[in-house]
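Listed here are the chains, written in short residue letters.
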Amino acid sequence: MRAFSIRARFLSGLVAALMVSGLAACSSAPNGSSESASELTEATQPAAPTETVAFDTDVEVSKALFDQAEAAVVASTEPVAQARAAAVAGALSIPMLTEVFASDVGAELTRLGVKTVLAVGTVDVVADVDVMTDAGDVQALSTVLGSEVRVIDEFGVDDLLSLDPANVAVPEFEPQPVAEDVTELPAQTGQTGVEEIETGHTEAAPTSRMVDIAALPHGERGKANPNAVAFATQGSPLGAVANALTAGLDVSVLAQADPRATSESMKMMREGRVAVGLGPDFGGTQMLAQTAQLATSADELPGGGGLVFPGRRMVALYGHPNLAALGVLGEQSPAEAAQLALQYAQQYQQFSDVSVIPAFEIIATVASAGAGDDGLYSDVTPAADLAPSVDAITEVGGYAIIDLQPGHAKLLDQAKLYAELLKRPNVGLALDPEWKLYGDQVHLQQVGHVEIAEVNEVSQWLAELVRDNNLPQKVFMLHQFQLQMIRDRDQMVQHPELATVVHVDGHGSPEAKMHTWDVIREDLQPWVWMAWKNFIDEDKPMLNAKQTMGIEPRPWFVSFQ
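One structure accompanies this document, and this report is about it. (Residues numbered from 1 in each chain as written. Predicted model: local features only at pLDDT ≥ 70, side-chain atom pairs only at ≥ 80, totals over all residues. Heavy atoms only, no water.)

1. A word on the overall build of the protein
Okay, step 1: What the protein contains, in helices and strands, is 16 helices and 27 strands.
Okay, step 2: Here the protein, with 561 residues, has 54% of them falling under the buried criterion.
Okay, step 3: Residue pairs at least 24 apart in sequence account for 72% of intrachain contacts in the protein once pairs closer than 6 positions are excluded.
Okay, step 4: Here the protein displays about 23,500 Å² of accessible surface, and carbon together with sulfur accounts for 49% of that area. (Helix = DSSP H or I, 4+ residues; strand = E, 2+ residues; numbered from the N terminus. Buried < 20%, exposed > 50% of the residue type's maximum accessible area, 1.4 Å probe, protein only. Contact = heavy atoms within 4.5 Å. Areas by Shrake-Rupley, 256 points an atom, 1.4 Å probe, with all protein chains shown as cover.)

Next comes the structure, spelled out in structure tokens:
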């Protein structure tokens, strides 16, 4: 995506209301009624918004959306300071700025023309402003807000969205020293009251003044903007969310930092609303632009939304539809197997916080003892022979995964054999490195492995297939029970079109399996989902539904062989 000026282009493209008229030096009585207001900054009525953008910090949101403000809250990075500051900023409709670098916050305070700051936590205010300190006293904070204040144990994004300015809930805060008299102090910059500038001259550092607690001026929320939506997660920075709300943006909280997370969020994208991401979890503007575009064009998965996880879990039968020896899936007809998978999923539902759907993991290419006519030691099942099983699991609202045991074949060549099945919205792909051969190797003489370049080659092709066919996100599964099975796994490429899953499928005692689980999880990328396999005959004993769902972290995909 071509770089652009947030303030020059995004702000003008969002809405003039996002200049936040109430932040233009509007002072208010303690009850929030305006006693006086300065002339508002004029702005030309903008066109419909056209730019997707992701903000990592509250300072970035302020720079893009606020024109001026009489008061602001500056907070340290401690979670309790963040929560308390966000509650105050949200209640007063004024900017919140987190101090990571004092100079950045000071520059933003100066740009906004802020006169008074409430400092929460240990911060250095590098600006020509009056500074009041939140000393943890509820009555003092009530004076600042001009409203009732009550203490709660925790404060998060949901609390911010439901904030009542007349009865503000804040977490308890350790007392901080409060200045008894008005004192003029140089801002703490690490300098001695002066700053060096490029010309070699010095100039006085900005001076902040400690003042007694008093009522802060109330701002006014920006006019609601129907053309944009801000997406947040429970882990989004509270200051970024507070500032977005103050700017008049509709904030939608998602379980995953992706506009495809729900049917509603996808609907917003199809309606042409601009996506604004709040927090680093959205992966920056370029990644958000990709996922927003996918949400606009892609179909939805069974059960809603365009992301495989975390909106659902899967419980699957593993095997080949015509070979009972390879797993429980082939021990009955496809329709009967689908009903059995549904029963297994229902057993797991009571232990899951999200919907559990049935699934098949269908072995499409089977590792063989003989080389075969092609010399590849892999028997290929025609896609048409697998279609009845895919149809059967689809009929019960489930998901199918095509599994490859490649022998000497290239994984990409085998994957392409099933392209038409993979164009279905509820069909994913699995690679099983255990059965990958090199040189003169034959099966069962070693545990196979795959080089990461081959994995990335397949994932690139599959991601393009998803994009080209407007499909929802697709499962891309890698089987692994030894670290050597996926060489250079740290170089695995992430694709937003794919939900990459590592399936830990070793068998044995619960203790041995948990050890394998922990080893495989080590240093795994945070965007990879975890899967577990229960072996009906080989596990001694096999974990039941409650025990399996008690594994930490809880598996998103469970299969039975």
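Now that the structure has been shown, the text picks up again.
2. Some details on a negative patch on the surface
Okay, step 1: A surface patch of like charges, here negative, comprises Asp 153, Glu 154, Asp 158, Asp 159, Glu 172 and Glu 174.
Okay, step 2: Take Glu 172: it is sitting in the loop between strand S9 (167–171) and strand S10 (183–186).
Okay, step 3: Judged by its relative accessible area of 63%, Glu 172 is exposed. (Patch = residues over 30% accessible without salt bridge, like charges linked within 9 Å, V, L, I, M, F, W, Y side chains within 5 Å. Salt bridge = Lys/Arg side-chain N within 4 Å of Asp/Glu carboxyl O. Lys, Arg positive; Asp, Glu negative; His and termini not counted. Charge placed at Lys NZ, Arg CZ, Asp CG, Glu CD.)

3. As for the sheet that holds strand S16 (residues 274–278)
Okay, step 1: One open sheet accounts for 4 strands, arranged S3-S16-S14-S15; its pairing is parallel. In this open sheet, the two strands that pair with only one neighbour each are strand S3 (53–55) and strand S15 (250–253). The mean angle between the axes of side-by-side strands here comes to 25 degrees, regardless of whether they run parallel or antiparallel. (Pairing = 2+ DSSP bridges. Axes fitted to C-alpha atoms, helices over the stretch in contact; angles between N-to-C directions.)

4. A look at unusual backbone geometry
Okay, step 1: The linkage connecting Phe 309 with the following residue, Pro 310, adopts the cis geometry, with an omega of 10 degrees.
Okay, step 2: For Pro 310, the location among the structural elements is in the loop between helix H9 (284–297) and strand S17 (312–319).
Okay, step 3: Of note, the bond from Glu 552 into Pro 553 is cis; its omega dihedral lies within 30 degrees of zero at -10 degrees.
Okay, step 4: Turning to its location among the elements, Pro 553 is positioned in the loop between helix H16 (545–548) and strand S27 (557–560).
Okay, step 5: Located in the positive-phi region is Tyr 377, a residue other than glycine, with phi close to 55 degrees.
Okay, step 6: Its identity is not glycine, yet Leu 444 carries a phi of approximately 70 degrees, on the positive side.
Okay, step 7: Mapping Leu 444 onto the fold places it in the loop between strand S21 (427–431) and strand S22 (450–451).

5. Points about the packing of helix H3 (residues 79–92) against helix H7 (residues 238–246)
Okay, step 1: In contact at an axis separation of 9 Å, H3 and H7 are set at 5 degrees when each is read in the N-to-C sense. By the angle between their directions, the pair H3 and H7 is classed as roughly parallel. Residues Gln 82, Ala 83, Ala 86 and Ala 89 of H3 pack against Leu 238, Ala 242 and Thr 246 of H7.
Okay, step 2: Residue composition of the contact of H3 with H7, by class: 5 nonpolar, 2 polar and no charged. (Parallel < 35°, antiparallel > 145°, perpendicular 65-115°, else oblique. Nonpolar A, V, L, I, M, F, W, Y, C, P; charged D, E, K, R; others polar.)

6. Here's the deal with the packing of aromatic side chains
Okay, step 1: This model, assessed by the stated rule, comprises 6 aromatic pairs.
Okay, step 2: Taking 5.2 Å as the distance between ring centres and 85 degrees as the angle between the ring planes, the aromatic pair formed by Trp 529 and Trp 556 counts as edge-to-face. Residue Trp 529 is located in strand S26 (residues 529–534), and its partner Trp 556 is located in the loop between H16 and S27; the two are separated by 27 residues in the primary sequence.
Okay, step 3: An aromatic cluster of three or more residues is present, and its members are Phe 309, Trp 529 and Trp 556.
Okay, step 4: It is Lys 533 that lies over the ring of Tyr 318; its NZ or CZ is 3.5 Å from the centre. (Phe/Tyr/Trp six-rings, centres within 6.5 Å; stacked < 30°, edge-to-face > 60°. Lys NZ or Arg CZ within 6 Å of the ring centre and 35° of its normal.)

7. Digging into the pairing of S9
Where a strand is regular, its side chains alternate between the two sheet faces.
Okay, step 1: Across the 5 residues of S9, 4 count as buried, placing the element largely inside the fold.
Okay, step 2: In the sheet, strand S8 (residues 148–152) pairs with S9 via 5 bridges, with the strands oriented parallel. Opposite Ile 152, over in S9, you have Pro 171 as the bridge partner.

8. Focus: the side chain of Thr 233
Okay, step 1: With respect to the element layout, Thr 233 can be found in the loop between strand S14 (228–232) and H7.
Okay, step 2: Under the relative-accessibility criterion, Thr 233 is labelled buried at 7%.
Okay, step 3: For Thr 233, the contacting residues outside a window of four places in its chain are Val 157, Val 253, Leu 254, Gln 256, Ala 257, Asp 281 and Phe 282.

9. Concerning the environment of Met 268
Okay, step 1: Assignment of secondary structure puts Met 268 in helix H8 (residues 263–270).
Okay, step 2: The exposure class of Met 268 is buried, given its relative accessible area of 7%.
Okay, step 3: Between the C-alpha atom of Met 268 and that of Asn 227, which follows or precedes it by 41 residues, the distance is 9.4 Å.
Okay, step 4: In this view, Met 268 contacts Val 229, Phe 231, Asp 250, Ser 252 and Arg 273; residues no more than four positions away in its chain are not counted.

10. Looking at the nonpolar core
Okay, step 1: Within the largest apolar cluster, 69 residues are counted, with the highest numbers of intra-cluster contacts made by Leu 109, Phe 155, Leu 160 and Leu 278.
Okay, step 2: When near neighbours in sequence (up to four residues on either side) are disregarded, Phe 155 contacts Ala 83, Ala 86, Ala 87, Leu 160, Leu 163, Ala 169, Pro 171 and Leu 238.
Okay, step 3: Core analysis: the second largest hydrophobic core is formed by 62 residues, Val 427, Leu 429, Trp 532 and Leu 543 among them. (Core = buried A, V, L, I, M, F, W, Y, C linked by side-chain atoms within 4.5 Å.)

11. Things to note about the packing of H3 against helix H5 (residues 138–145)
Okay, step 1: Look at H3 against H5: their axes get within 10 Å of each other, and the N-to-C directions meet at 30 degrees. As summarised for this structure, H3 and H5 are arranged roughly parallel, according to the angle between their axes. Where H3 abuts H5, its residues Arg 84, Val 88, Ala 91 and Leu 92 lie against Leu 141, Val 144 and Leu 145.
Okay, step 2: In the contact of H3 with H5, the residues fall into 6 nonpolar, no polar and 1 charged.

12. With respect to H9
Okay, step 1: If you check H9, its first and last C-alpha atoms are 20 Å apart, about what 14 residues at 1.5 Å a residue would give, namely 20 Å.
Okay, step 2: Buried within H9 are the following residues: Leu 288, Ala 289, Thr 291, Ala 292, Leu 294 and Ala 295. (Expected span 1.5 Å × (residues − 1).)

13. A short note on the pattern of salt bridges
Okay, step 1: On inspection of all chains with the given rule, the structure shows 16 salt bridges.
Okay, step 2: Measuring nitrogen to oxygen at the nearest pair gives 2.9 Å for the salt bridge that ties Asp 353 to Arg 313. With Asp 353 in the loop between helix H10 (334–349) and strand S18 (355–367) and Arg 313 in strand S17, this residue pair connects regions lying 40 residues apart in the sequence.

14. Details of the environment of Asp 374
Okay, step 1: If you trace the backbone, Asp 374 turns up in the loop between S18 and strand S19 (378–380).
Okay, step 2: Counting along the chain gives 34 residues from Asp 374 to His 408, while the straight-line C-alpha distance between them is 9.7 Å.
Okay, step 3: Within polar-contact distance, the side chain of Asp 374 engages the backbone nitrogen of Leu 376 at 3.1 Å. (Polar contact = N/O pair within 3.5 Å; in protein donor to acceptor, adjacent residues only side chain to side chain.)

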